[in-house]
Amino acid sequence: MPGLMGRLTLIVKAKFSKALDKAENPNETLDYSYEEQLRQLQNVKRGIADVTTAKKRLEIQYTGMQQQVEKLDGQARDALKANREDLAREALTRKAAVQAQLDGIMQQGQQLEAQQQKLIEGEKTLSAKVEAFRTQKEVIKAQYSAAEAQVRIGEAATGIGEQMADVGLAVQRAKDKTEQMQARASAIDELTTSGALDDLTSSGDDIDRQLSQISQGSQVDDELAKMKAELGPGEAPQQIEGETK
Amino acid sequence: MIVRLMGEGQFEVDDDLRARLDALDDDVARAVEAGDERALWSGLQELAEAVRSGGAKLADEDLRPSDAIIPPEDLSLDEARELLTNEGFIPDIEGDAA
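In this text the structure is predicted, and so the values were computed from the model without any measurement.

What follows deals with the sheet that holds strand S2 (residues 9-13) of chain B. Two pairing modes exist for strands in a sheet, parallel and antiparallel, and in both the strands are linked by backbone hydrogen bonds. All names here are of chain B. Across the sheet, four strands lie side by side as S3-S2-S1-S4; this open sheet has mixed pairing. The sheet is open, and its two edges are formed by strand S3 (55-57) and strand S4 (68-70), each paired on a single side. Strand after strand, the sheet turns through a mean of 30° between neighbouring axes, direction not considered. Relative to S3, S2 is paired through three bridges, and the arrangement is antiparallel. If you follow Val13 over to S3, its bridge partner there is Gly55.

Dropping the structure here:
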């Protein structure tokens, strides 16, 4: 059984030596190869741009998720002040789950960062090779016999194909990584019931709703107590559970 | 001979290095069979290190193909298995290769 290196070398060679077989007119092959290379270079560039966009989007999401953590923390405090330990526990449980996903995203983000750097360098090398091919194809056309040209074209095209495979794989892996990060981000959305943050009056979040009921409740109590005090020295307010200030 | 470290570039190394690279490559394949990701990574790292320390980096404009291609150092066990069992590992960049 061949090793990883042996296997990979075979696969790449098989993939990028096809152009050789069908070459009849070396000059045409050269021009066609070059056009093809330019087209693929564009694909690689587009792939890199996609990764960059996905990464930026994730960075924005990350900031939002950090706010969710702070919000859940604040909710836990509010709940405790209102003597609702059950709610506080729920908020802290969610906070821990969100934090765990965030840590995972953070770690994947660092790996993606490193991969992105390699992508940029790989694309630079690919551009340089395609440009070198453009120059060399004119030399080959002018100076070599058809048979010789064939061999040289084959080599150069394989060399470039290999670089394509290299950058292509890097793009693919970076995309996979952003997808994994996106999956984590959606898990967080589920945990925090999305939208609750943007819309402060939202009634979508259970904790939000219960907390607002508590604060409304204690407001009513406060008002009631004030009214009673104004009306006369009757019974003093004594049952204000949610008293915090 | 010329060796490519994927994600890093091509290196020109002495032909004598071939035997050592093949031996390390066998270790890596065994690590995959054993499902040992740590051994896989350390094996790939050793391969890359052998090439880096024993070779000179090729210029970007050099169009020569490599004699051996070494996968990325952080290859996962799943990716390694995919590499050994089918060809899906290397993505097609739309259309036939140049």
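Attention now goes to the interface of chain A and chain B. By a widespread convention, an interface's size corresponds to the accessible area lost as its parts come together. Contacts between the two partners involve 48 residues from chain A, matched on the other side by 49 residues from chain B. With both chains or domains summed, chain A and chain B bury close to 4300 Å², and 59% of this area falls on carbon and sulfur atoms. The three residues of chain A that bury the most area against chain B are Leu4, Met5 and Arg173 of chain A, which together make up 19% of that side's buried surface. Taken together, the links from chain A to chain B amount to four salt bridges. A salt bridge links Glu162 of chain A to Arg4 of chain B, with the shortest nitrogen-to-oxygen separation between them at 2.6 Å. Here chain A is connected to chain B by 18 residue pairs in polar contact (both at pLDDT 80 or more). Of all elements in the fold, only helix H1 (4-16), helix H2 (18-21), helix H3 (26-81), helix H4 (85-143) and helix H5 (146-192) of chain A reach the threshold of two or more residues within the side of chain A that touches chain B. Among the elements that line the side of chain A that touches chain B, the one with the most residues is H5 of chain A, at 15 residues. Partitioning the side of chain A that touches chain B into residue classes produces 19 nonpolar, 15 polar and 14 charged.

Residues and elements named next belong to chain A. One non-glycine residue, Asn83, lies in positive phi territory at about 60°. Looking at the secondary structure, you find Asn83 in the loop between H3 and H4. Looking at Asn83, the relative accessible area reads 58%, which means it is exposed.

What follows concerns the environment of Ser145 of chain A. Residues and elements named next belong to chain A. With respect to the helices and strands, the residue Ser145 is situated in the loop between H4 and H5. Take Ser145: its relative accessible area is 38%, and that puts it in the partly exposed class. Once the C-alpha coordinates of Ser145 and Ala165 are considered, the two residues, 20 residues apart in sequence, prove to be 30 Å apart.

Attention shifts here to the environment of Ala88 of chain A. Residue and element names in this part refer to chain A. Here Ala88 is to be found in helix H4. Given a relative accessible area of 4%, Ala88 falls into the buried group. Residues Ala88 and Ala183, spaced 95 residues apart in sequence, show a C-alpha to C-alpha distance of 27 Å. Those residues in contact with Ala88 that sit more than four places away from it in its chain are Ala76, Ala79 and Leu80.

What counts, and where the lines are drawn
Residues numbered from 1 in each chain as written. Chains lettered and ligands numbered in written order. Predicted model: local features only at pLDDT ≥ 70, side-chain atom pairs only at ≥ 80, totals over all residues. Heavy atoms only, no water. Pairing = 2+ DSSP bridges. Helix = DSSP H or I, 4+ residues; strand = E, 2+ residues; numbered from the N terminus. Axes fitted to C-alpha atoms, helices over the stretch in contact; angles between N-to-C directions. Contact = heavy atoms within 4.5 Å. Buried area = accessible area lost by both parts, 1.4 Å probe. Salt bridge = Lys/Arg side-chain N within 4 Å of Asp/Glu carboxyl O. Polar contact = N/O pair within 3.5 Å; in protein donor to acceptor, adjacent residues only side chain to side chain. Nonpolar A, V, L, I, M, F, W, Y, C, P; charged D, E, K, R; others polar. Buried < 20%, exposed > 50% of the residue type's maximum accessible area, 1.4 Å probe, protein only.

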